[in-house]
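Survey of secondary and tertiary structure
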Amino acid sequence: MYIRRRHEFLGQLGAQQYSVVVNDLPKRYQTPAAFAGYLQFLYPGVVHSVHIAMETAGLEEMIKKRLEVRDALEEALAVYAKTHARPTHRPGTWWRRWTCTAGTPVDSIQYLQIQLDTLNAAIMEAIQESERRSEAEVSGQLVHVGVDAGDDRDPHPQEEQEDPNAASAPMRPSAFVSFTSLQAAQSFQQLLQTDTSWEMSVRPAPSPNDVVWENYGQPHRLRESWQIISWLLTILIILFWTAPSAFVASLASVANLRKLIPGLEHLLEEAPWMMSVLQQASPLGLALMSILAFHIFGFLSRREGWASGDEVAASLFAKLIYFQMFQVFFVSVVAG
């Protein structure tokens, strides 16, 4: 049944079936031309495209700021349409978000429109600069000895020469590779590409909507370090979570509460309805603690460097299994 379902899945004519993600690229292959030449040597005529990730943190920061300015401008235009009075604010503060007593008030619509035009021009220039730098590397400003697209020579260069005058684009050591043959895509995943275990690890490409972009392209050492840290913290949380869980579980017994809180007996006599509230405290407390644990483990799973949302969910699921097993079978004994 599994084999039949697997063949049905692989037989779908989608880009995801013909694409892979290659992580931890060696330095000599961190340009589209060099890596495409290496792949053409291994799989001549079936490589559709090669896309190496670029670092765009500065561009993303400008886009985030532009969205804030755009929202502020739309709000100012809405106020003007409603009140027929042009809104004003003091420079150095966002429109209607903070107050500032220094500076001369300016027309909010005019000021924000200038800010938006400036950011639009800066973003367009940054995009064009990234494209120019990428094209410069493809055209050969970085010279990789022994690697050339369409060349049948040895795909492993022995040395690497870099033009000192070339503008080096900040490339991440990961790439999306698409093939025109399903057989090539599957064999590329199953064959070792290098004699170094932490270089050029190949995984199936996730769905475009499933890519965790902040983790995409992280180096091997960083991912391994965070996975170790994450599981150590998970073990510590599971162990030390026992104490508060046992305390919350003990709240289910009102008799225990009467022993812990001396004045509770008198309070229950004056307000009998408190008995029902206390009986619900334990299950509500355990439910809230489970929700808190879900968010903590989710944060740790995302920090492990998985580039696919499914892999993040699988890591989170494993942590929750260990957590719930320990809490259900061990904490109940301690609480009792």
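Reading the values: rules and limits
Throughout this description, residue numbers start from 1 for each chain and increase along the sequence as written. In keeping with the model being predicted, local features are shown solely for residues with a pLDDT of at least 70 and side-chain atom pairs are shown and tallied solely at 80 or more, while totals for entire chains, interfaces and linings include all residues. Hydrogen atoms and water are omitted, and side-chain values are computed over all heavy atoms in the structure. Numbering of helices and strands starts at the N terminus; helices are DSSP runs of H or I of at least 4 residues and strands are runs of E of at least 2. Only protein chains enter the area calculation, which uses a 1.4 Å probe; residues under 20% of their type maximum are buried, those over 50% are exposed, and those in between are partly exposed. Should any heavy atoms of two residues lie within 4.5 Å, those residues are considered in contact. Surface accessibility follows the Shrake-Rupley procedure with a 1.4 Å probe radius. Residue values consider only the protein chains on display as shielding. For this analysis, a salt bridge means a side-chain nitrogen from Lys or Arg found within 4 Å of a carboxyl oxygen belonging to Asp or Glu. The pLDDT value tells you how sure the predictor is about a given residue, anywhere from 0 up to 100. Multiplying 1.5 Å by the residue count of a helix minus one yields the expected span of that helix. The method works on a 1 Å grid over the protein atoms by themselves. A cavity is a set of points holding a 1.4 Å probe that cannot get out, a pocket is an open set with protein on both sides within 12 Å along at least five of seven lines, and residues with an atom within 4 Å of a point line them. Grid points are joined across faces, edges and corners, and a volume is the space filled by probe spheres set on the points. All amino acids are sorted into three groups, where Ala, Val, Leu, Ile, Met, Phe, Trp, Tyr, Cys and Pro are nonpolar, Asp, Glu, Lys and Arg are charged, and the leftover types, Gly among them, are polar. The pairing criterion for strands is at least two bridges between them, as found by DSSP. Axis geometry follows a simple rule: fit a line to the C-alpha atoms, using only the stretch in contact for helices, then measure angles between N-to-C directions, giving values from 0 to 180 degrees. Residues enter a nonpolar core if they are buried and are Ala, Val, Leu, Ile, Met, Phe, Trp, Tyr or Cys, with the set joined through side-chain atoms within 4.5 Å. The pairing test for Phe, Tyr and Trp rings, Trp by its six-membered ring, is centres within 6.5 Å, and the orientation test on the planes gives stacked under 30 degrees, edge-to-face over 60, and tilted for anything in between. For a lysine, the NZ atom is tested; for an arginine, the CZ atom; a charge sits over a ring if that atom is within 6 Å of the ring centre and within 35 degrees of the ring normal. The convention is simple: Lys and Arg are positive, Asp and Glu are negative, and His and the chain ends are not counted. Here a polar contact is taken to be a pair of N or O atoms separated by no more than 3.5 Å, where protein atoms must pair a possible hydrogen donor with a possible acceptor and residues adjacent in sequence count only if both atoms sit in side chains.

1. So, the overall build of the protein
A tally of helices and strands in the protein yields 11 helices and eight strands. Relative to its 336 residues, the protein shows a buried fraction of 36%. A separation of at least 24 residues holds for 72% of the contacts in the protein among residues at least 6 apart in sequence. Summed over its atoms, the accessible surface of the protein is roughly 20,500 Å², and 61% of this surface lies on carbon and sulfur atoms.

2. Quick look at the pattern of salt bridges
This model, assessed by the stated rule, comprises eight salt bridges. A salt bridge links arginine 86 to aspartate 107, with the shortest nitrogen-to-oxygen separation between them at 2.6 Å. Residue arginine 86 is found in the loop between helix 3 (57–83) and strand 3 (88–89), and its partner aspartate 107 is found in strand 4 (residues 106–107); the two are separated by 21 residues along the sequence. Each of Arg4, Arg5 and Glu8 takes part in salt bridges that share partners, so that together they form one network.

3. Overview of the confidence of the model for the protein
Averaged over every residue, the pLDDT of the protein is 78; the share at 70 or more is 75%. Under a pLDDT of 50 for its full length, residues 141–154 has, in the predicted model, 32 contacts with residues more than four places off or in other chains. Here residues 157–168 scores under 50 on pLDDT; set against residues more than four positions off or in separate chains, the count is 20 contacts.

4. Observations concerning helix 3
It helps to recall that an α-helix has 3.6 residues per turn; residues three or four apart then point in one direction. For helix 3, built from 27 residues, the straight-helix expectation of 39 Å at 1.5 Å per residue is met to within 8% by its first-to-last C-alpha distance of 39 Å. Where helix 3 terminates, the next one or two residues include histidine 84, which has phi positive at roughly 60°.

5. Remarks on the layout of surface pockets
The volume enclosed by the largest pocket comes to roughly 640 Å³. Lining the largest pocket are 39 residues; nearest its centre among them are Arg203, Pro204, Pro206, Ser308 and Glu311. Listing elements by their share of the lining of the largest pocket, those giving two or more residues are helix 1 (2–10), strand 1 (19–23), strand 7 (171–179), helix 5 (182–190), strand 8 (201–204), helix 6 (220–240) and helix 11 (309–335). The volume enclosed by the second largest pocket comes to roughly 270 Å³. If you trace the second largest pocket, you find 14 residues lining it, with Ser19, Phe176, Ala205, Pro206 and Pro208 closest to the centre. Every element with two or more residues in the lining of the second largest pocket is listed here: strand 2 (47–54) and strand 7. When residues of the lining of the second largest pocket are assigned to their parent elements, the largest contribution, three residues, is made by strand 2. Class assignment for the residues of the lining of the second largest pocket results in 10 nonpolar, four polar and no charged.

6. What about unusual backbone geometry?
Not every positive phi belongs to a glycine, and histidine 84 is a case in point at roughly 60°. Note on placement: histidine 84 falls in the loop between helix 3 and strand 3. The phi torsion at methionine 200 lies on the positive side, around 55°, for a residue other than glycine. For methionine 200, the position within the fold is in the loop between helix 5 and strand 8. Given the relative accessible area of 4%, methionine 200 is considered buried.

7. So, the sheet that holds strand 2
Across the sheet, four strands lie side by side as 2-7-1-8; this open sheet has antiparallel pairing. Unpaired on one side and paired on the other, strand 2 and strand 8 mark the two borders of the sheet. Along the sheet, successive strands turn relative to each other by an average axial angle of 25°, direction set aside. On top of the sheet, helix 2 (residues 32–42) reaches strand 1, strand 2 and strand 7; it is set at about 145° to strand 2, its chief contact. Across the sheet, helix 5 lies against strand 1, strand 7 and strand 8, angled at about 25° from strand 1, the strand it touches most.

8. Some thoughts on the nonpolar core
Buried together is how nonpolar side chains tend to be arranged in soluble globular proteins. Counting residues in hydrophobic clusters, the biggest one holds 22 residues, and the most contacted among them are Val22, Phe35, Leu39, Val50, Val177, Phe179 and Phe188. For this core, the secondary structure elements donating two or more residues are strand 1, helix 2, strand 2, strand 7 and helix 5. Broken down by element, the residue count for this core peaks at five residues, all from helix 2. Not counting residues within four places of it along the chain, the set of residues in contact with valine 50 comprises Phe35, Ala36, Leu39, Phe176 and Val177. Within the second largest apolar cluster, 10 residues are counted, among which are Ala293, Phe297, Leu300 and Leu320.

9. What about the packing of aromatic side chains?
Counting across every chain of the model gives 12 aromatic pairs. Taking the centre distance of 5.5 Å and the plane angle of 75° together, the rings of tyrosine 43 and phenylalanine 179 count as edge-to-face. Here tyrosine 43, found in the loop between helix 2 and strand 2, pairs with phenylalanine 179, found in strand 7; they are 136 residues apart in sequence, far enough to count as distant. For the residue pair tyrosine 43 and phenylalanine 179, the accessibility class agrees, reading buried in each case. The ring of tyrosine 80 carries arginine 86 above its face, with NZ or CZ at 5.4 Å from the centroid. The aromatic ring of tryptophan 231 is capped on one face by lysine 319, whose charged end is 4.3 Å from the ring centroid.

10. What to know about the side chain of aspartate 210
Mapped onto the elements of the fold, aspartate 210 is located in the loop between strand 8 and helix 6. Despite its burial, aspartate 210 pairs with no opposite charge, the nearest such side chain being arginine 302 at 8.4 Å. A distance of 2.7 Å separates polar atoms of two side chains, one belonging to aspartate 210 and the other to serine 308. With residues near it in sequence (within four places) discarded, aspartate 210 still touches Ala307, Ser308, Gly309 and Asp310.

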